[in-house]
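So the chains spell out like this:
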Amino acid sequence: MSRFSGISRLAMGVGMTCLALSAAQANTMQTQSPSVEKESFGQLPDGRKVEAYHLRNGHGIDMKVITYGGIITSLRTPDAEGEWADVVLGFDNLADYRSEAYRQSNPYFGALIGRYGNRIAEGRFTLDGTTHELATNDGANHLHGGERGFDKRLWTAAPFENDSEVGVELTYVSEDGEEGYPGRLETHVTYTLTADDEVIIDYHATTDKATPVNLTQHSYFNLAGEGSGSIVDHRMMLNADAFTPVDDTLIPTGELRDVADTPFDFREATPIGARIGADNTQLAYGQGYDHNFVLMRDATAEDELVLAARVEAPDSGRVLEIATSEPGVQFYSGNFLDGTLIGKQGKAYEKRSGFALETQHFPDSPNQAAFPSTILEPGETYQSRTVWRFSTQTPTP
Ligand code: BGC
């Protein structure tokens, strides 16, 4: 039986700390009607038009999502002093997401990832006695759905708004055999921006043949503002007492390793950079953090929301909390950014100028019988939710 047979109740806001707004922030938080506006974001070489949906909540937090790759291109939030900044890496035009330099570097800025977030060893898995060969686009391995994953597909969009929330539902149908995967997969991803300064990401999918599914969102955050330098000073808590160590091609060995007494222990908030340079084989393989963490659930049932991470930017006081129904989160400290891509403000995205926290099932699960299953069967519905909550706290010098 796979994990999708019982659809669980997904409560919102579970485990999130409710932080009081600072006076400065409260003063600058406008009260306005939430809105969603459609704009043009250019067109693909075959003539299909790419749209941008501009979501705003009553506090003025605004987020742009494009139908190409379901990419979040910008997300503006206030800091503790009421100064606004765009806290995600990306571009303000389609050409930059499709340039040769971007393809070479392949950072997946802000994109929806499918069918499978992270790696599948040697692009191969066996299901019900049949071996499937996937595109290999990361050395010998399959990464983030292949040569042309969901991040490079055009989605259709349906915006919505009510008194307190705005959002957009994106749909993409992945045909049987796409990138080597079996089954026609119909995928819906909904982004909702709430009155509580949350971005809720809901994923649903159905298939007509058994297939692996592991969808995620690949935003890179810099809570001091994109283009403002390194994120190694951000303090991060990860609610994980184990991680999945990898081989030198970043494929999990199958072990769940205790984080105690290792640089992977983020159970107490710790600066990202505090131990990133430690003499540690796992950090050497990832050139920093690029690992799946196993979330602690305690009494929280499988598939219900649990707090995964809390990240604070010391100078700006911005805080991001992430809750998820998933069992894992890939913490990637932006190690492969190398300054070749120039962001929205004209600044180069250097190594570690953003971090990603990709809520997910574990990498290479189709080849790891002991990991939670990622196989979706016909008749089941894949369902997953992740919530990002933005707030502020008093800056710490
Ligand atoms: C992976 C990294 C990869 C990055 C960009 C992350 O999810 O874990 O290894 O370099 O995505 O492709």
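Residues numbered from 1 in each chain as written. Predicted model: local features only at pLDDT ≥ 70, side-chain atom pairs only at ≥ 80, totals over all residues. Heavy atoms only, no water.

Trainee: Can you tell me about the environment of M237, naming the residues and giving the values?
Mentor: Relative to the elements of secondary structure, M237 occurs in strand β17 (residues 235-238). Judged by relative accessible area, M237 falls into the buried class, the value being 15%. The spatial distance from the C-alpha of M237 to the C-alpha of P363 is 21 Å, given a sequence separation of 126 residues. Beyond its immediate chain neighbours, meaning those up to four positions away, M237 contacts F266, R267, A269, L307, A308, A309 and R310. (Helix = DSSP H or I, 4+ residues; strand = E, 2+ residues; numbered from the N terminus. Buried < 20%, exposed > 50% of the residue type's maximum accessible area, 1.4 Å probe, protein only. Contact = heavy atoms within 4.5 Å.)

Trainee: Any chance you could break down a negative patch on the surface for me, citing the residues and the numbers?
Mentor: A surface patch of negative charge is lined by D241, D258, D261 and D298. Residue position: D258 is located in strand β19 (residues 257-258). According to the relative accessible area criterion, D258 is partly exposed, its value standing at 46%. (Patch = residues over 30% accessible without salt bridge, like charges linked within 9 Å, V, L, I, M, F, W, Y side chains within 5 Å. Areas by Shrake-Rupley, 256 points an atom, 1.4 Å probe, with all protein chains shown as cover. Salt bridge = Lys/Arg side-chain N within 4 Å of Asp/Glu carboxyl O. Lys, Arg positive; Asp, Glu negative; His and termini not counted. Charge placed at Lys NZ, Arg CZ, Asp CG, Glu CD.)

Trainee: Let's hear about the side chain of N335: which residues, and what values?
Mentor: Structurally, N335 is set in the loop between β24 (328-332) and β25 (356-360). Judged by its relative accessible area of 3%, N335 is buried. Of the polar contacts made by the side chain of N335, one reaches the backbone oxygen of G286; its length is 2.9 Å. Those residues in contact with N335 that sit more than four places away from it in its chain are G286, Q287, G288, Y289, D290, K351 and R352. (Polar contact = N/O pair within 3.5 Å; in protein donor to acceptor, adjacent residues only side chain to side chain.)

Trainee: Run through the pairing of strand β18 (residues 240-244), naming residues and quoting values.
Mentor: For a regular strand, side-chain orientation follows a simple rule: the groups alternate between the two sheet faces. Burial analysis of β18 places 4 of its 5 residues in the buried class, which makes it a mostly covered element. Of the strand pairs in this sheet, β18 and strand β21 (residues 290-295) are connected by 4 bridges, and their pairing is antiparallel. In the sheet register, T244 faces β21, and the bridge partner there is N292. Taken together, the 2 bridges between β18 and β19 define a ladder with antiparallel strand orientation. (Pairing = 2+ DSSP bridges.)

Trainee: So what about the site of the ligand? Which residues, and what values?
Mentor: Taken together, 15 residues are adjacent to the ligand, and R119, H144, H218, D290 and E358 come closest. The backbone of N106 places a nitrogen or oxygen atom 3.1 Å from an oxygen atom of the ligand. A distance of 2.4 Å separates an oxygen atom of the ligand from a polar side-chain atom of D290. The fraction of the free accessible surface of the ligand (300 Å²) that becomes covered by protein chains is 94%. In terms of residue class, the shell around the ligand is made up of 7 nonpolar, 5 polar and 3 charged. (Near = heavy atom within 4 Å. Nonpolar A, V, L, I, M, F, W, Y, C, P; charged D, E, K, R; others polar.)

Trainee: How would you summarise the confidence of the model for the chain if you had to cite specific residues and measurements?
Mentor: This prediction gives the chain a mean pLDDT of 93; 92% of its residues lie at or above 70. At the level of individual helices and strands, the chain shows its lowest average pLDDT in helix α1 (residues 23-28), which scores 44, and its highest in strand β6 (residues 111-113), which scores 99. Low pLDDT (under 50) marks residues 1-15, which in the prediction has 44 contacts with non-local residues, meaning those over four places away or in another chain. Residue range residues 17-27 is modelled with pLDDT below 50. Its contacts to residues more than four positions away, or to other chains, number 19 contacts. (pLDDT = per-residue confidence, 0-100.)

Trainee: Before we move on, can you summarise the pattern of salt bridges with the specific residues and values?
Mentor: Summed over all chains, the structure comprises 21 salt bridges. Put simply, R119 and D138 hold a salt bridge, and the shortest N to O gap is 2.7 Å. Of the two residues, R119 is situated in strand β7 (residues 119-120) and D138 in the loop between β9 (130-133) and β10 (142-143); the sequence distance between them amounts to 19 residues. Under the relative-accessibility criterion, R119 is labelled buried at 7%. With a relative accessible area of 25%, D138 lands in the partly exposed category. Linking E321 and R310 is a salt bridge whose minimum nitrogen-to-oxygen distance equals 3.9 Å. Linking E321 in strand β23 (residues 318-324) with R310 in strand β22 (residues 306-312), this pair joins segments that are 11 residues apart in sequence. Exposure remark for R310: the relative accessible area of 15% places this residue in the buried category. Each of R235, R310, E312, E321 and R389 takes part in a single network of salt bridges with overlapping partners.

Trainee: Would you mind going over the sheet that holds strand β1 (residues 35-43) in detail, with residue names and values included?
Mentor: Strand order in the open sheet formed by 5 strands is β1-β2-β3-β4-β5, and the pairing between neighbours is antiparallel. For this open sheet the edge positions go to β1 and β5 (84-86), each flanked by a neighbour on one side alone. The sheet shows a mean angle of 15 degrees between the axes of neighbouring strands, direction not considered. As judged from the 4 bridges shared by strand β3 (residues 62-66) and strand β4 (residues 72-78), these two strands associate in the antiparallel manner. Residue M63 lies in a different strand from β4, and its bridge partner there is L75. (Axes fitted to C-alpha atoms, helices over the stretch in contact; angles between N-to-C directions.)

Trainee: I'd like to hear about the packing of aromatic side chains, residue by residue, with values.
Mentor: Two measures describe an aromatic ring pair: the distance that separates the ring centres and the angle between the ring planes. Applying the stated criterion across every chain yields a total of 24 aromatic pairs. Taking the centre distance of 5.9 Å and the plane angle of 80 degrees together, the rings of Y220 and Y332 count as edge-to-face. With Y220 in the loop between β16 (216-218) and β17 and Y332 in strand β24, the pair connects residues that are 112 residues apart, well separated along the chain. Here Y220 falls in the buried class, since its relative accessible area comes to 2%. Summarising the aromatic geometry, the rings of F264 and Y289 are spaced 5.4 Å apart at their centres and angled 85 degrees between planes, so their arrangement reads as edge-to-face. Of this pair, F264 sits in the loop between β19 and β20 (270-271) while Y289 sits in the loop between α4 (281-286) and β21, placing them 25 residues apart in sequence. The residues F264 and Y289 share a single accessibility class, namely buried. One aromatic cluster is present, formed by F91, Y97, Y102, F109, Y220, Y332, F336 and Y349 through successive ring pairs. Over the face of the ring belonging to F266 we find R275, whose NZ or CZ atom lies 4.7 Å from the ring centre. (Phe/Tyr/Trp six-rings, centres within 6.5 Å; stacked < 30°, edge-to-face > 60°. Lys NZ or Arg CZ within 6 Å of the ring centre and 35° of its normal.)

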